[in-house]
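These are the residues of each chain, in order.
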Amino acid sequence: MNQFSLEGKVALVTGASYGIGFAIATAYAKAGAKIFFNDIKQELVDKGLAAYKELGIDAKGYVCDVTNEQQVNEMVAKIDEETGVIDILVNNAGIIKRIPMTEMTADEWRTVIDVDLNAPFIVSKAVIPGMIKKGKGKIINICSMMSELGRETVSAYAAAKGGLKMLTRNICSEYGEYNIQCNGIGPGYIATPQTAPLRELQPDGSRHPFDQFIISKTPAARWGNPEDLEGPAVFLASEASDFVNGHVLYVDGGILAYIGKQPK
Ligand code: NAP
Ligand code: GCO
């Protein structure tokens, strides 16, 4: 049996109407998994369904706010009833607010922590009992460079993603004995709507200063694409990683290993 196959597996990828989640879910479908995803708005779920259909993927979409425990529990129960226990959970849904910390309100802070850290707890808590009953399961948390590094204006996001790295290790520690593997993927700087403001062309047509900064900090000298995450995500969802647990796999083109290109 191909140890990278996801044939017949039930995969829930949160926030996967587009972006990184969509790419991961698409890769899972190509590996044989049944795809379930959610988004906050019906219009985005519909947009996602159409995009999956265009690729020949018969995904199922739900309107569900991952910070709402009742909505999450109802979604997981529906998937369980209609198709079966969730084998693979990807906690992908996430937001960022780029505000200097001293200018960030407590409510803005709480909103980021709620989506990026509390929600992975809520969704993981909802799926783990079924995985225990089934005797196996895979949870993949989408972490970040900010699970390891800080930078100006992203205090809440970095705190959340740092916490998500430790939640990953704790789920590994607490549920590894039930043959549940919980790992993280730490994408580098990926070209999605979330990072579009950092790549906007300047009025004079030049590249955004942050864009140039990331190019100088990445040995691969390019932004990542969502497709760069597909192989690592399939690996962590498959039997090939059954003895990999509590690990964050950084898919960053080498950023974390590199001091950065010296200015000419
Ligand atoms: P994105 O383009 O902004 O997509 C995020 C997705 O999450 C959207 O579908 C969004 O739906 C959904 N979402 C947000 N809040 C939600 C909620 N409360 N309930 C349900 N869905 C919700 O982001 P992305 O770049 O694909 O990033 C996906 C994940 O990767 C995030 O966790 C992000 O932190 C992480 N990440 C991104 C990068 C990068 O460079 N892009 C790098 C490292 C890590 P709506 O459109 O309805 O809000
Ligand atoms: C930012 C970016 C990053 C990326 C990602 C890097 O403002 O610095 O949005 O946070 O989204 O998390 O791994």
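None of the values given here were measured: they were computed from a predicted structure.

### Some remarks on the site of ligand 1
Here comes step 1: Close to ligand 1 lie 29 residues, the nearest being Tyr 18, Asp 39, Asn 92, Tyr 157 and Thr 192.
Here comes step 2: One of the side-chain N or O atoms of Asp 39 is found 2.6 Å from an oxygen atom in ligand 1.
Here comes step 3: Contacts to ligand 1 include Tyr 157, whose side-chain N or O atom sits 2.7 Å from an oxygen atom.
Here comes step 4: The cavity where ligand 1 resides is the largest pocket.
Here comes step 5: Counting residues per element, the ones that place at least two in the shell around ligand 1 are α1 (19-30), β2 (34-39) and α5 (155-175).
Here comes step 6: Its residues assigned to classes, the shell around ligand 1 comprises 16 nonpolar, nine polar and four charged.

### Quick look at the pairing of strand β6 (residues 180-187)
Here comes step 1: Among the eight residues of β6, eight are classified as buried, and the element is accordingly described as predominantly covered.
Here comes step 2: Strand direction decides the pairing type here: strand β5 (residues 137-142) and β6, joined by six bridges, are parallel. Bridging from a neighbouring strand, Asn 141 pairs with Gly 184 of β6.
Here comes step 3: By the bridge criterion, four bridges tie β6 to strand β7 (residues 248-251) in an arrangement that is parallel. Bridged to Gly 186 within β7 is Tyr 250.

### Some thoughts on the layout of surface pockets
Here comes step 1: Here the largest pocket defines a volume of roughly 930 Å³.
Here comes step 2: Contributing to the lining of the largest pocket are 41 residues, with Asn 92, Ala 93, Gly 94, Ile 95 and Gln 194 lying nearest its centre.
Here comes step 3: Contributing elements (two or more residues each) for the lining of the largest pocket: α1, β2, α4 (106-134) and α5.
Here comes step 4: Per element, the largest residue contribution to the lining of the largest pocket is three residues, and it comes from α1.
Here comes step 5: Its residues placed into classes, the lining of the largest pocket shows 21 nonpolar, 14 polar and six charged.
Here comes step 6: There is about 200 Å³ of room inside the second largest pocket.
Here comes step 7: If you go around the second largest pocket, the residues you meet are Met 145, Met 146, Leu 149, Gly 150, Arg 151, Tyr 189, Phe 213, Ile 214, Lys 217, Ile 255, Leu 256 and Tyr 258.
Here comes step 8: For the lining of the second largest pocket, the class distribution of residues is nine nonpolar, one polar and two charged.

### Observations regarding the side chain of Thr 195
Here comes step 1: The residue Thr 195 is located in the loop between β6 and α6 (209-217) in this model.
Here comes step 2: Of the residues examined, Thr 195 reaches a relative accessible area of 5% and is grouped as buried.
Here comes step 3: Side chain to side chain, Thr 195 and Arg 199 meet in a polar contact 3.1 Å long.
Here comes step 4: When residues no more than four places from it in sequence are discounted, the contact partners of Thr 195 are Arg 98, Ile 190 and Trp 223.

### Section: the site of ligand 2
Here comes step 1: By nearness alone, 14 residues border ligand 2, and Arg 98, Ser 144, Arg 151, Tyr 157 and Gln 194 come closest of all.
Here comes step 2: In this structure, an oxygen atom belonging to ligand 2 sits 2.6 Å away from a side-chain N or O atom of Ser 144.
Here comes step 3: Taking Met 145, its main chain carries an N or O atom lying 2.8 Å from an oxygen atom of ligand 2.
Here comes step 4: Protein burial of ligand 2: of its 330 Å² of free accessible surface, 97% is covered by the chains.
Here comes step 5: When the residues that make up the shell around ligand 2 are grouped by side-chain class, the tally is eight nonpolar, four polar and two charged.

### A short note on the side chain of Ser 17
Here comes step 1: With respect to the helices and strands, Ser 17 occurs in the loop between β1 (10-14) and α1.
Here comes step 2: Owing to a relative accessible area of 4%, Ser 17 belongs among the buried residues under this scheme.
Here comes step 3: Only 2.6 Å separates the side chain of Ser 17 from the side chain of Asp 39, close enough to count as a polar contact.
Here comes step 4: Of the polar contacts made by the side chain of Ser 17, one reaches the backbone oxygen of Leu 44; its length is 3.1 Å.
Here comes step 5: Excluding anything up to four places from it in sequence, Ser 17 contacts Phe 22, Phe 37, Asp 39, Leu 44, Val 45 and Gly 48.

Rules of the game
Residues numbered from 1 in each chain as written. Chains lettered and ligands numbered in written order. Predicted model: local features only at pLDDT ≥ 70, side-chain atom pairs only at ≥ 80, totals over all residues. Heavy atoms only, no water. Near = heavy atom within 4 Å. Polar contact = N/O pair within 3.5 Å; in protein donor to acceptor, adjacent residues only side chain to side chain. 1 Å grid on protein atoms, 1.4 Å probe; cavity = no way out; pocket = protein on both sides within 12 Å on 5 of 7 lines; lining within 4 Å. Sits in = over half its atoms within 2 Å of the grid points. Helix = DSSP H or I, 4+ residues; strand = E, 2+ residues; numbered from the N terminus. Nonpolar A, V, L, I, M, F, W, Y, C, P; charged D, E, K, R; others polar. Buried < 20%, exposed > 50% of the residue type's maximum accessible area, 1.4 Å probe, protein only. Pairing = 2+ DSSP bridges. Points joined across faces, edges and corners; volume = space filled by probe spheres on them. Contact = heavy atoms within 4.5 Å. Areas by Shrake-Rupley, 256 points an atom, 1.4 Å probe, with all protein chains shown as cover.

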